[in-house]
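What the coordinates show
Now for the letters of each chain:
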Amino acid sequence: MLSNIIEIGRMVRTFSKVDFVFNLVEYNEELIFDNKGNRKFLVIIDFDIKEEKIKLSRKEIDHKVLEEYLWVGNKKGSSPQDRLTTDTIRYLIFNSGYGYGSSLINILYNLKKGNLRELLEIIKNKFFIKLPLKRERYCLNLNKIQNRKEILIPESKGIDEKLYIENLEKKWEKEILDIIEEELGLTKKEISLYTITINSRKASEFEEYRNYIEQTLIDENFEENYEGICHICGERKELTYDTARFPAKFYITKLITFSSNFEGKKPKKGFSKNFSLCRDCYKDIILGIKFIQNYLGTSLGNNDLWIIPGLFLNPLGKELKESWIKISRNFVRSTFNLEEFLRFEEEIQKSLEEYKEFEELMDYSKVDLFFYESPPGSAAFKIKEYIKDVHLKRVEKIRKTIRDVENLGKSLFGERENWFLGLENIYFLIPIRRGRVSEYKKLLDLYEAIFLEHKLDKRIIINYFVELAKIYIFEKFPQYNIKKVKNNDLEMSLSILKTNLLLKLFEKINLIEGGENMPELLENLLDEDIQNYILKMGYEEEETALFLLGYLIGEIGYEQVRGGDFNAKKPILNKINFNGISSKNLINLSNEIFEKLDQYRIRGYNEKIFSAMKFLMDKNIKSWKLNDNENVYYILSGYAFNTYKRIKSIKGREEQ
């Protein structure tokens, strides 16, 4: 992974025509649009030094605005804030953390000389109020905003200093947000970023500011530099071992026990023996991570994910490398859901020549998939799963199989439902219990098995599917990742049928073993739809017996609610023990089903199905190979098949 990150960063550094810091701009779509697709805003606080007034204005945010105002994120951790474009208004007007109370004052004291420093000194004197505290702290004088009524700083005498600052910070934030709403018509929810300008000049227009940001990100990490061999490029240069300011901390230097000889952070000792890097390689890592965050981040199964292509051909030009990165990412994402799949198909049609070049490279290519957790505004970074060296030919196989299984679903059930089982859709078939940190692992382990072609234990997968059915039956939605639905019976049936298709998908991509063909003697007993389904699913004799038993339960259930609400409770489902059914109890259950068929006077219609089920069950019962949960699953499969067909047929008639 590190080599791929560095290669991407080197591409950016080598071909970039702008200052280093402009390559660190964050293009987060959440800053640009709200969850309804409405554009969000940047609020500009302009210091008019001549008139000694603060003027407010606003701009809709797009990528160009993010570049113009140099949005590179806030300073991470507990260090004093020093960014002039931020997503937190109090960092500009007041900050109760470390430092002097505002990013502007903090930068002023960090700059040595120059035009920006002189202007910030004037702003401090004209626009900020020194608070009546022992420690030197400042807050913005809100009375300098044009046409405002006077807002007074409260007295501090006799009040705990910490409490005083906390209360004043809340008051000041509320005051300025009220002013912004009144002046610009924007609520806090509509604003993503805040920035300052000085006499209408943006911070990015000041070379001192650009150099300052670069210095804080790069040079400060080389304060304890030493000469040695870079662990990345192998050249003798000035080195650092300080990786604390990496945008994503996948390499830890906090725990002394990880360092060589437990020597911690010491030049030429401890962490420096583990991992040291030169200035250029340090920049490459930062640029590589930022590029990945901006362009290669996505999510899968409710987990944040980076798709990191391997750039194996170093002589490739920038244009081809960028094209390669984009296509590789979209190619992998096209396995996630139908929308991404169709979008990629459309891209291929528009850029056939480009895609032909991609196909030639695909045979040799791999991507890394990096699942992580990084709470917004926090420096914390946790690796959840790292799937290394996924061959793109494997991705192609997954893509093709997803399409084949979708077509299988359409041929069996028609096109009323979406039978596309992308990797995102799998998330809704694997129950993830809320509040349990380790639960996401079973989904990520499943993704790893899919991408790396690791064998799965089919029985464990079926356990998940039975748990899924229980969520619908017992309405356990709040405890899991499954959304509450209107018709539990129909949605459970749909989900179980999709799990049938998912097992076929796993079989086709070589994760589980497939079954045998349907017993020949059944061909004369079952109607064509049932025969076809059993054949396509590859059920063995025991699985077929249970599927037919479930089908008959579906027949009885239909009679129990005939003419009523589709979502009404079906008493026959109480006969299924969702915690597992032993082979011995299968006999009892089949006898009860026989009686119910008689009771509802539908045995005549189902005589052949019951005979086939009974024949296969009796033939295999003494050496029954399926476990208790598998018995439940295949019964539910038959029930789901029957129920979905019934409801689809009735709705079809209603629509005519």
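Going by the structure above, here's the rest.
Summary of the structure given here. (Residues numbered from 1 in each chain as written. Predicted model: local features only at pLDDT ≥ 70, side-chain atom pairs only at ≥ 80, totals over all residues. Heavy atoms only, no water.)

One open sheet holds the three strands; their spatial order is β8-β9-β12, and the pairing between them is antiparallel. Of all the strands in the sheet, just β8 (226-229) and β12 (277-278) have a single pairing partner and so form its edges. Note that β8 and strand β9 (residues 236-240) share four bridges and pair antiparallel. Each bridged residue has a counterpart across the sheet, and for glutamate 227 the counterpart in β9 is glutamate 238. (Pairing = 2+ DSSP bridges. Helix = DSSP H or I, 4+ residues; strand = E, 2+ residues; numbered from the N terminus.)

Two numbers describe how helix α14 (residues 392-413) lies on helix α16 (residues 440-452): the axes approach to 8 Å, and their chain directions differ by 105°. Here α16 runs roughly perpendicular to α14, going by the angle between their axes. Where α14 approaches α16, its residues Arg394, Val395 and Ile398 are matched on the opposing element by Ala449, Ile450 and Phe451. The residue makeup of the contact of α14 with α16, split by class, is five nonpolar, no polar and one charged. (Axes fitted to C-alpha atoms, helices over the stretch in contact; angles between N-to-C directions. Parallel < 35°, antiparallel > 145°, perpendicular 65-115°, else oblique. Contact = heavy atoms within 4.5 Å. Nonpolar A, V, L, I, M, F, W, Y, C, P; charged D, E, K, R; others polar.)

Attention now goes to the nonpolar core. Tyr447, Ile450 and Phe506 are the most contacted members of the largest nonpolar core, which has 115 residues in total. For isoleucine 450, the residues in contact, after removing those within four places along its chain, are Arg394, Ile398, Leu423, Ile426, Phe506, Ile509 and Leu511. Core analysis: the next-biggest nonpolar cluster, separate from the first, contains 103 residues, Leu42, Ile93, Ile123 and Tyr282 among them. (Core = buried A, V, L, I, M, F, W, Y, C linked by side-chain atoms within 4.5 Å. Buried < 20%, exposed > 50% of the residue type's maximum accessible area, 1.4 Å probe, protein only.)

Here we take up the packing of aromatic side chains. Per the stated rule, a full pass over the model turns up 34 aromatic pairs. Ring centres of phenylalanine 370 and phenylalanine 381 lie 6.0 Å apart, and the angle between their planes is 20°; on these two criteria the pair is classed as stacked. Pair noted here: phenylalanine 370 is in strand β15 (residues 366-373) and phenylalanine 381 is in the loop between β15 and β16 (382-391), with a separation of 11 residues, a long-range link. For phenylalanine 381, a relative accessible area of 14% puts it in the buried group. Between phenylalanine 413 and tyrosine 644, the aromatic rings sit 5.6 Å apart at their centres with planes inclined by 90°, giving edge-to-face as the arrangement. With phenylalanine 413 in helix α14 and tyrosine 644 in helix α23 (residues 628-655), the pair connects residues that are 231 residues apart, well separated along the chain. On the accessibility criterion, tyrosine 644 (2% relative accessible area) is buried. Among the aromatic residues, those joined into a cluster by ring pairs are Phe413, Trp419, Phe465, Tyr533, Tyr539, Phe547, Tyr551, Tyr633, Tyr634, Phe641 and Tyr644. For the cation-ring pair, arginine 279 lies above phenylalanine 222, with the distance from its terminal atom to the ring centre recorded as 4.5 Å. (Phe/Tyr/Trp six-rings, centres within 6.5 Å; stacked < 30°, edge-to-face > 60°. Lys NZ or Arg CZ within 6 Å of the ring centre and 35° of its normal.)

Looking now at the pairing of β15. Counting buried residues along β15, six of its eight residues qualify, which places the element largely inside the surrounding structure. Two strands pair when backbone bridges link them, and strand β14 (residues 303-309) and β15 are joined in this way by six bridges, in the antiparallel orientation. Bridge pairing in β15 links isoleucine 308 to aspartate 368.

Turning our eyes to something else, we now look at unusual backbone geometry. Residues other than glycine seldom take positive phi values, yet glutamate 52 does so here, at roughly 55°. Within the secondary structure layout, glutamate 52 lies in the loop between β1 (41-48) and β2 (53-60).

Once that is clear, we can look at helix α20 (residues 541-561). Here α20 is 21 residues long and its end C-alpha atoms lie 31 Å apart, about the 30 Å a rise of 1.5 Å per residue gives. Of all 21 residues in α20, 20 are buried; the element is thus mostly enclosed. Immediately downstream of α20, the backbone of glycine 563 shows phi near 80°, a positive value. (Expected span 1.5 Å × (residues − 1).)

Looking now at the sheet that holds strand β13 (residues 297-300). Hydrogen bonding along the main chain pairs the strands of a sheet, whether they run parallel or antiparallel. Strands sit in the order β13-β14-β15-β16 across an open sheet of four strands; the sheet is antiparallel. Strands with a single pairing partner mark the edges of an open sheet, and in this sheet they are β13 and β16. Across the sheet, the axes of successive neighbouring strands diverge by a mean angle of 30°, strand direction being ignored. Sheet strands touched by helix α10 (residues 279-296): β13 and β14. Its angle to β14, the strand with the most contacts, is close to 115°.

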